[in-house]
Amino acid sequence: MGIQIEFNPDLALRKHETAGRLEHECLPKVLEVGKIYRFLKKGQRNYWLEGEIPLLETKGNQKLSRPLASIKILEATHFKVKEKTYTRGLYEIKEIYNINNPRIHFEGMNKI
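Novice: Let's hear about a nonpolar patch on the surface: which residues, and what values?
Specialist: A cluster of nonpolar side chains, contributed by I3, I5 and F7, occupies part of the molecular surface with about 350 Å² of accessible area. Tracing the sequence through the fold places F7 in strand β1 (residues 6-8).

Pasting the structure below:
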């Protein structure tokens, strides 16, 4: 038996108010630069805390949008509820992107 852990180079959340999802599993209704938001993900996940990463929208099954914003993860904590592991934390919006603009904002882990 091994340790199941996922390393995420981005934070991917569901569309605002997705049915069957908790508030913090979803994107906020409005993104504001400088504002701090909460997130919740199933599983034990590790995020890069030393710099900015992209905030994406997920439809599930690794179907991800282009970056919506650049964020900094401020805190990530693992915890268990009824033998299921979760990761919760805080992130701050550093920059918001126009997803219709083809400009590239990240190249791998590097913000451009």
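Novice: Describe the side chain of S70, naming the residues involved and giving the relevant values.
Specialist: Position of S70 relative to the elements: it lies in strand β6 (residues 69-81). At a separation of 2.4 Å, a polar atom in the side chain of S70 contacts the side chain of E52. Excluding residues that lie within four positions of it along the chain, S70 makes contacts with E52, I53, E92, I93, K94, E95, Y97, F106 and K111.

Novice: Before we move on, can you summarise unusual backbone geometry with the specific residues and values?
Specialist: For E17, which is not glycine, the phi torsion reads 60° and is therefore positive. In this fold, E17 is placed in the loop between β2 (11-13) and β3 (36-42). Residue E17 is classed as exposed on the basis of its relative accessible area, which comes to 66%.

What counts as what
Residues numbered from 1 in each chain as written. Predicted model: local features only at pLDDT ≥ 70, side-chain atom pairs only at ≥ 80, totals over all residues. Heavy atoms only, no water. Patch = residues over 30% accessible without salt bridge, like charges linked within 9 Å, V, L, I, M, F, W, Y side chains within 5 Å. Areas by Shrake-Rupley, 256 points an atom, 1.4 Å probe, with all protein chains shown as cover. Salt bridge = Lys/Arg side-chain N within 4 Å of Asp/Glu carboxyl O. Helix = DSSP H or I, 4+ residues; strand = E, 2+ residues; numbered from the N terminus. Polar contact = N/O pair within 3.5 Å; in protein donor to acceptor, adjacent residues only side chain to side chain. Contact = heavy atoms within 4.5 Å. Buried < 20%, exposed > 50% of the residue type's maximum accessible area, 1.4 Å probe, protein only.

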